[in-house]
Amino acid sequence: MTAALTIALDAMGGDHAPDMVIKGAAALLPRFPQVKFILFGDAGQVEPLLRRFPNLKERCELRHTAEKVLSEDKPSQALRRGRNTSMRLSIDTVANGEADAIVSAGNTGALMAMAKFVLRTLPGIERPAIASFLPTLKGETVVLDLGANVECDARNLVQFAVMGANLAHSALGRHLPRVGLLNVGVEDVKGHDEVKAAAEMLRAVSNPPFEFVGFVEGNDIGSGEVDVIVTDGFTGNIALKTVEGTAKLLSSLLRSAFQRSIFTRIGYLFASSGLAMMRDRMDPRFYNGGVLLGLNGIVVKSHGGTDDVGFSAALEVAIDMAQDRLIERIKADFSGAFADSLVSAPAIGDPNKTEQQELRTGVS
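Residues numbered from 1 in each chain as written. Predicted model: local features only at pLDDT ≥ 70, side-chain atom pairs only at ≥ 80, totals over all residues. Heavy atoms only, no water.

### Comments concerning the overall build of the protein chain
Move 1: The helix and strand inventory of the protein chain stands at 14 helices and eleven strands.
Move 2: Its C-alpha atoms give the protein chain a radius of gyration of 21 Å, within 12% of the compact-globule value 21 Å for 364 residues.
Move 3: Viewed in the frame of its principal axes, the protein chain has a C-alpha envelope of about 60 × 60 × 45 Å.
Move 4: Across the 364 residues that make up the protein chain, the buried fraction comes to 49%.
Move 5: In the protein chain, the share of contacts with a sequence separation of at least 24, taken over all contacts with a separation of at least 6, comes to 72%.
Move 6: Surface summary for the protein chain: the accessible area is close to 17,100 Å², and the carbon and sulfur share equals 54%.
Move 7: In the protein chain, which carries 38 positive and 43 negative side-chain charges, the distance between the mean positions of the two groups comes to 5 Å. (Helix = DSSP H or I, 4+ residues; strand = E, 2+ residues; numbered from the N terminus. Rg over C-alpha atoms; globule rule 2.2 N^0.38 Å. Buried < 20%, exposed > 50% of the residue type's maximum accessible area, 1.4 Å probe, protein only. Contact = heavy atoms within 4.5 Å. Areas by Shrake-Rupley, 256 points an atom, 1.4 Å probe, with all protein chains shown as cover. Lys, Arg positive; Asp, Glu negative; His and termini not counted. Charge placed at Lys NZ, Arg CZ, Asp CG, Glu CD.)

Now the structure itself:
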């Protein structure tokens, strides 16, 4: 029998909150009868929506707060002034053990700052990373970091590899994930010092819980040859936005091509089922849910502009992680084979960087 889980929801985070939060949670109930929710938000807005979904109302607790983090709030502002916001109160339930995970579609920088302050990083992990999923020819792949750290040293990249492999195990069911480091070429002599040092460290680890395949290039992201792609937040964010932009470009070009003449419109009728399959395969809503890895608790960031379908996908990611005991798995890895390897690598960067400076390094 599957153990009961409690998920905390920031009901006021996102462009279409709280409507898409409530609908997304309600849509998930039939597949996960063991899940309950704690909702934080304005009762005047949330309660009428809950009445439309009696099954959800029976399985959730609504805690009222009129305060929320705004999309334009800076992380430092949210951290100082947001103790009673729906986002902060949701994170607090994970810290005190009331909830197994939190999902929010709110301000990314504020969520990272608050979660890092409240939950702290896991032992052996210096910086949390943002990880998400991208479609490939063979299914999905985990990519991290996607913007939390624009500068990373070799130790950071190794830590990301370990965390990403555990996420691939939890969310994708990969028991021995294949991990690659994103680089400008697959040859050992290519790349900057941090990437090459990280590769050496990963090769030196005995009995790792994943298979390190070496370097991969940008055109390998969609091939599905690896289950986890590791890079710094600067490169990862650019790669993510490039993939998203390419998907929109392809969709627009196909739409224009099939509207050129009566013959292309007829062709569309014959190809419509195949095109629908391709559209669903590339639909970003089904890959929604950025995971803030490295924290002492499960935190999932939904895209702020998503709908209820996308929010359900983010919720499913959080549930998968909680069921697979992701935090315990990462802790076990960093107390085992990786400890000596991490200590032996020199850090690259400025060790005197302040917390406020680190808050400004993230990419939205």
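The rest of the description comes next.
### Let's talk about helix 7 (residues 154-172)
Move 1: An ideal rise of 1.5 Å per residue puts 27 Å on 19 residues; helix 7 measures up with 26 Å between its terminal C-alpha atoms.
Move 2: Just past helix 7, the residue Gly173 takes up positive phi, approximately 75°. (Expected span 1.5 Å × (residues − 1).)

### Brief notes about a nonpolar patch on the surface
Move 1: On the surface, Ile262, Phe263, Ile266, Tyr268, Leu269 and Phe270 cluster together into a nonpolar patch covering about 730 Å² of accessible area.
Move 2: In this structure, Phe270 sits in helix 10 (residues 262-282). (Patch = residues over 30% accessible without salt bridge, like charges linked within 9 Å, V, L, I, M, F, W, Y side chains within 5 Å. Salt bridge = Lys/Arg side-chain N within 4 Å of Asp/Glu carboxyl O.)

### Observations concerning the environment of Arg127
Move 1: Mapping Arg127 onto the fold places it in the loop between helix 6 (108-119) and strand 5 (129-136).
Move 2: You can call Arg127 buried: its relative accessible area is 16%.
Move 3: Here the alpha-carbon distance between Arg127 and Gln159, two residues 32 residues apart in the chain, equals 8.6 Å.
Move 4: Of the polar contacts made by the side chain of Arg127, one reaches the backbone oxygen of Glu151; its length is 2.6 Å. (Polar contact = N/O pair within 3.5 Å; in protein donor to acceptor, adjacent residues only side chain to side chain.)

### Some words on the nonpolar core
Grouped burial of nonpolar side chains is what soluble globular proteins tend to show.
Move 1: Membership of the largest hydrophobic core comes to 71 residues, with the highest contact counts inside it found for Leu9, Phe37 and Leu181.
Move 2: In terms of residue count, the dominant contributor to this core is helix 7 (eleven residues).
Move 3: Look past the residues within four positions of Phe37 in its chain and what remains in contact with it is Ile7, Leu9, Ala25, Leu29, Leu56, Arg59, Cys60, Glu61 and Leu315.
Move 4: Judged by nonpolar contacts, the second largest core, of 29 residues, contains Val69, Ile102, Met112 and Leu295. (Core = buried A, V, L, I, M, F, W, Y, C linked by side-chain atoms within 4.5 Å.)

### Details of the packing of helix 7 against helix 8 (residues 193-204)
Move 1: At a minimum axis distance of 8 Å, the contact between helix 7 and helix 8 shows a crossing angle of 50°. Here helix 7 is positioned oblique relative to helix 8, judged by the angle of their axes. Between helix 7 and helix 8 the crossing geometry is right-handed. Of the residues in helix 8, those touching helix 7 at Ala154, Arg155, Leu157, Val158 and Ala161 are Glu194, Val195, Ala197, Ala198, Met201 and Leu202. (Axes fitted to C-alpha atoms, helices over the stretch in contact; angles between N-to-C directions. Parallel < 35°, antiparallel > 145°, perpendicular 65-115°, else oblique. Left-handed = near helix turned anticlockwise from the far one by under 90°.)

### As for the packing of aromatic side chains
Move 1: The tally for this structure, following the rule as stated, stands at zero aromatic pairs.
Move 2: The residue whose ring lies beneath Arg120 is Phe117, and the NZ or CZ to ring-centre distance is 5.2 Å. (Phe/Tyr/Trp six-rings, centres within 6.5 Å; stacked < 30°, edge-to-face > 60°. Lys NZ or Arg CZ within 6 Å of the ring centre and 35° of its normal.)

### Thoughts on the sheet that holds strand 3 (residues 60-64)
Move 1: Pairing in this open sheet of eleven strands is mixed, and the strands run 3-2-1-4-11-10-5-6-9-7-8 from one edge to the other. Unpaired on one side and paired on the other, strand 3 and strand 8 (211-216) mark the two borders of the sheet. Averaged over all neighbouring strand pairs, the angle between strand axes comes to 25°, with direction disregarded.
Move 2: Note: strand 7 (residues 178-182) against strand 8, five bridges, orientation parallel. Considered in strand 8, the bridge of Leu182 is made with Val216.
Move 3: The sheet strands contacting helix 2 (residues 43-51) are strand 2 (35-41) and strand 3, and the helix crosses strand 3 at an angle near 160°. (Pairing = 2+ DSSP bridges.)

### Regarding the confidence of the model for the protein chain
Move 1: Scored by pLDDT, the protein chain has a mean of 87; 91% of the residues are at 70 or more.
Move 2: Predicted confidence for residues 345-364 stays below pLDDT 50, and this span has 27 contacts to residues more than four positions away or in other chains. (pLDDT = per-residue confidence, 0-100.)

### Side note on the side chain of Ser302
Move 1: Residue placement: Ser302 occurs in the loop between strand 11 (298-301) and helix 11 (308-323).
Move 2: At 2.9 Å, the side chain of Ser302 and the side chain of Asn288 are in polar contact.
Move 3: Setting aside anything within four residues of it in sequence, one finds Ser302 in contact with Ser104, Ala105, Asn288, Phe311 and Ala314.

### Remarks on the packing of helix 5 (residues 86-95) against helix 6
Move 1: Packing of helix 5 against helix 6 brings their axes to within 10 Å, and their N-to-C directions diverge by 35°. Between helix 5 and helix 6 lies a crossing whose hand is right-handed. From helix 5, Met87, Arg88, Ile91, Asp92, Val94 and Ala95 reach across to helix 6, where they touch Ala110, Leu111, Met114, Ala115, Phe117, Val118 and Leu119.
Move 2: Classifying every residue of the contact of helix 5 with helix 6 by side-chain character gives eleven nonpolar, no polar and two charged. (Nonpolar A, V, L, I, M, F, W, Y, C, P; charged D, E, K, R; others polar.)

### Overview of unusual backbone geometry
Move 1: Residue Pro18 follows Ala17 across a cis peptide bond; omega there is 0°.
Move 2: Mapped onto the secondary structure, Pro18 falls in the loop between strand 1 (5-10) and helix 1 (19-28).
Move 3: The omega torsion across Leu144 and Asp145 is 0°, close enough to zero to call that bond cis.
Move 4: For Asp145, the position within the fold is in the loop between strand 6 (139-144) and helix 7.
Move 5: The phi torsion at Arg120 lies on the positive side, around 65°, for a residue other than glycine.
Move 6: One non-glycine residue, Arg325, lies in positive phi territory at about 55°.

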